[in-house]
Amino acid sequence: MSDFPKHFVWGTATAAYQIEGAVQQDGRGASVWDLFTHTPGKIKDGSNGDRACDHYYRFPEDIRLMKELGVNAYRFSIAWPRIQPEGKGRVNPKGIAFYDRLLDGLLEQHIDPYATLFHWDLPQALEDQGGWMNRDTAYRFAEYAHLLADAFQDRIKSWITLNEPFVVLTLGYALGQHAPGKAYGLQAMPVAHHQMLGHGLAVQAIREISQSPIGITHSLAPAIPATDRDEDIQAATLMDEFHNGLFLDPLLRGQYPKSLVALMGEQAESFIRTEDLSVMSAPIDFLGVNYYAPDHVRANSKAPLGLEMVPMPDRPKTGFGWPIVPEGLTQLLLDLKERYAEKLPPIHITENGCSYPDLPDAAGKIDDSKRIEYLELHLEALLKALDKGVDVRGYFCWSLLDNFEWAEGYTQRFGLVHVDFETLKRTPKASYHWLQQFLRGR
Ligand code: FCB
């Protein structure tokens, strides 16, 4: 097996609400996650991101940790409600100033900033107008993107418009397990369309100002039928279209998968305008791929879409209970290359990682050997795809720090660095030292 290319990008990834804290400081407006976490019963441990890792104040230490780790890139997200507390119009200069400090700190250390513009913390003021169910949010997103491009220009080395619109659609608006907590079922489909329209409009807005590459990050997963029965195979095909095709086909082919248009029926006409598809498919410079595990699918006529996800019993699991399937990453990347051929832009793995509950031992060391194994296996799987000609340019480990894991609160630790949420002390885990050695060896 060959090695990673010389100019491969190595990074870690985080998201604003999961690490920043300081939710009331310096004029930040409320986001949907502030309301959701403060609604009893929504978060497993009753926690919230009010303080999180306190990265808003401790970011210089976090940059030092990245520098010592040896990465050359950092994927973080910009909190829209810090920039536009009401989600439109007025700009909060203190919000801009925070990301100015962060960008300058990263650039000083030769760490390339990859900024995600929307990692789920929609300004609550926009949610009050319907959020992503409302077409207007797409235009507000483009306005926000434009002013960020104006403020940061080429200091942001790569732009990522959205993070995982599939998860916002499903957990946020269809099932109600994430903010804004809406359980609209299939009636939530406009959320997919409006996010991708917002993406397309944002690409146009950023290109007017910044020369830096622009991409989008999707959560993608190969769909594996639970058995070789026809109905399970068909269920897996539909799941693949719903999870992957719903977002990648409009983006890379300028059309929706036929099965989904049929599924949406007349509702589709109420929110999809033909001209939207050319906006949504504006050329991008890279595709961000987040990979954690495949979808393991079984037909179930009583479930929504006629299918359900079932465990992979013969697989080891992460602390979250997610099956460990490294070859799913190889398969996913090969499928992308085959399906989209020359339309597929270069890829960055913008998230991959695992949670384990490892805590410091008596000597203060954190032996997360399972994470090391997970990362090794996934990097090998990635190399296999590279060997077969998939153009992957970078890998970002989720995550730099243990952080606020959405509906799971602080119960899932994904960090290379342990965070004590009482004292906020950061302690690099064994996996951090392992990755450091790996990067030094290159
Ligand atoms: C992804 C999210 C990220 C993190 C990881 C574990 O879906 O983008 O914020 O929660 O999962």
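Keep in mind it's a predicted model, so treat the numbers as computed, not measured.

Asker: Hey, could you run me through empty space enclosed by the protein in this one?
Answerer: Any empty space left between atoms is shown by rolling a water-sized probe over those atoms. The full count for this structure, using the stated rule, is four cavities of 30 Å³ or more. Here the largest cavity defines a volume of roughly 70 Å³. Val-32, Trp-33, Phe-118, Trp-120, Leu-122, Trp-132, Val-168, Gly-172, Tyr-173, His-178, Ala-179 and Pro-180 are the residues that line the largest cavity. A class-by-class count of the residues in the lining of the largest cavity yields ten nonpolar, two polar and no charged.

Asker: Honestly, the sheet that holds strand E10 (residues 347-351) in this entry has me stumped. Any pointers?
Answerer: Backbone hydrogen bonds are what pair the strands of a sheet, in a parallel or an antiparallel way. Spatially, eight strands are ordered E1-E2-E3-E4-E5-E7-E10-E11 in a closed barrel, and the strand pairing comes out parallel. Between one strand axis and the next, the sheet turns by 25° as a mean value, whatever way the strands run. Most of the contacts of helix H14 (residues 326-340) go to E10, to which it runs at about 140°, and overall it touches strand E7 (286-290), E10 and strand E11 (392-398).

Asker: I'm lost on the site of the ligand in this one. Help?
Answerer: The immediate surroundings of the ligand are formed by Gln-18, His-119, Trp-120, Asn-163, Glu-164, Tyr-292, Glu-351, Trp-398, Glu-405, Trp-406 and Phe-414. Residue Asn-163 places a side-chain N or O atom 3.0 Å away from an oxygen atom belonging to the ligand. Between Glu-164 and the ligand, the recorded distance is 2.5 Å, taken from a side-chain N or O atom to an oxygen atom. Looking at the shell around the ligand residue by residue, the classes come out as five nonpolar, three polar and three charged.

Asker: Looking at this structure, how should I read the packing of aromatic side chains?
Answerer: Any pair of aromatic rings gets described here by the distance separating the centres and the angle formed by the planes. Applying the stated rule across the entire model yields 36 aromatic pairs. Here the aromatic rings of Tyr-410 and Phe-421 are separated by 4.5 Å at their centres, their planes lie at 45°, and the arrangement is tilted. Within this pair, whereas Tyr-410 is found in the loop between E11 and strand E12 (417-419), its partner Phe-421 is found in the loop between E12 and strand E13 (426-428), the two being separated by eleven residues in sequence. Residue Tyr-410 is classed as buried on the basis of its relative accessible area, which comes to 17%. Over the ring of Phe-98 we find Arg-82; its NZ or CZ atom is 5.9 Å from the centre of that ring.

Asker: Explanation requested: unusual backbone geometry in the structure shown.
Answerer: What is expected of a backbone is that most residues other than glycine have negative phi and most peptide bonds are trans. That bond from Ala-179 to Pro-180 is cis: its omega, 5°, falls within 30 degrees of zero. Omega for the peptide link from Trp-398 to Ser-399 comes to 15°, which places this bond in the cis form. Looking at the secondary structure, you find Ser-399 in the loop between E11 and E12. You will see that Ala-52, though not glycine, has its phi angle at about 45°, which is positive. Tracing the chain through its elements places Ala-52 in the loop between helix H2 (32-37) and helix H3 (55-69). Unusually for a residue other than glycine, Gln-153 sits at a positive phi of about 45°.

Asker: What should I look at first to understand the sheet that holds strand E6 (residues 223-225) in this one?
Answerer: With mixed pairing, the three strands of this open sheet are ordered in space as E6-E8-E9. Looking at which strands have only one partner, the edges of the open sheet turn out to be E6 and strand E9 (307-309). On average, each strand axis in the sheet is inclined to that of its neighbour by 40°, with strand direction left out of account. In this sheet, strand E8 (residues 295-299) lies alongside E6 in parallel orientation, the contact comprising three bridges. Bridged to Ala-223 within E8 is Asp-295.

Asker: Would you mind showing me how to read the pairing of E7 here?
Answerer: Along any regular strand the residues' side chains alternate between the sheet's two faces. By the criterion of burial, E7 is predominantly enclosed, with five of the five residues buried. Taking every second residue as pointing to the same face, both faces of E7 are buried, with Phe-286, Gly-288 and Asn-290 on one and Leu-287 and Val-289 on the other. Of the strand pairs in this sheet, strand E5 (residues 214-219) and E7 are connected by five bridges, and their pairing is parallel. By the bridge assignment for E7, Gly-215 is matched with Phe-286.

Asker: Is there a simple way to explain the pattern of salt bridges in this structure?
Answerer: A pair can form between side chains of opposite charge whenever their charged atoms are brought close. Counted according to the given criterion, the structure contains 24 salt bridges. The partner of Arg-413 in a salt bridge is Asp-402, and the shortest N-O contact between them spans 2.6 Å. With Arg-413 in the loop between E11 and E12 and Asp-402 in the loop between E11 and E12, the pair connects residues that are eleven residues apart, well separated along the chain. For Asp-402, a relative accessible area of 0% corresponds to the buried category. Among the ionic contacts, a cluster of salt bridges with common partners joins Asp-100, Asp-104 and Arg-155.

Asker: Looking at this model, I keep getting lost on helix H15 (residues 369-387). Mind explaining?
Answerer: Residues spaced three or four apart along an α-helix face the same direction, because each turn holds 3.6 residues. Between the first and last C-alpha of H15 there are 27 Å, a value that for 19 residues agrees with the 27 Å anticipated at 1.5 Å per step. Tucked into the core, H15 has its buried residues touching strand E1 (9-13), H14, E10, E11 and helix H16 (430-440). Phi for Gly-389, located one or two positions after H15, is positive at around 95°.

Asker: Teacher, can you tell me more about the side chain of Glu-164 here?
Answerer: Secondary-structure assignment places Glu-164 in the loop between strand E4 (158-163) and helix H8 (165-174). The charged side chain of Glu-164 is buried without a salt bridge, its nearest counter-charge being Arg-75 at 6.7 Å. A distance of 2.8 Å separates a polar atom in the side chain of Glu-164 from a polar atom in the side chain of Asn-290. Beyond its immediate sequence surroundings of up to four residues, Glu-164 is in contact with Trp-120, Thr-217, His-218, Ser-219, Asn-290, Tyr-292 and Glu-351.

Conventions and cut-offs
Residues numbered from 1 in each chain as written. Predicted model: local features only at pLDDT ≥ 70, side-chain atom pairs only at ≥ 80, totals over all residues. Heavy atoms only, no water. 1 Å grid on protein atoms, 1.4 Å probe; cavity = no way out; pocket = protein on both sides within 12 Å on 5 of 7 lines; lining within 4 Å. Points joined across faces, edges and corners; volume = space filled by probe spheres on them. Nonpolar A, V, L, I, M, F, W, Y, C, P; charged D, E, K, R; others polar. Pairing = 2+ DSSP bridges. Helix = DSSP H or I, 4+ residues; strand = E, 2+ residues; numbered from the N terminus. Axes fitted to C-alpha atoms, helices over the stretch in contact; angles between N-to-C directions. Contact = heavy atoms within 4.5 Å. Near = heavy atom within 4 Å. Polar contact = N/O pair within 3.5 Å; in protein donor to acceptor, adjacent residues only side chain to side chain. Phe/Tyr/Trp six-rings, centres within 6.5 Å; stacked < 30°, edge-to-face > 60°. Buried < 20%, exposed > 50% of the residue type's maximum accessible area, 1.4 Å probe, protein only. Lys NZ or Arg CZ within 6 Å of the ring centre and 35° of its normal. Salt bridge = Lys/Arg side-chain N within 4 Å of Asp/Glu carboxyl O. Expected span 1.5 Å × (residues − 1). Lys, Arg positive; Asp, Glu negative; His and termini not counted.

Keep in mind these numbers describe shape, not what the thing actually does.
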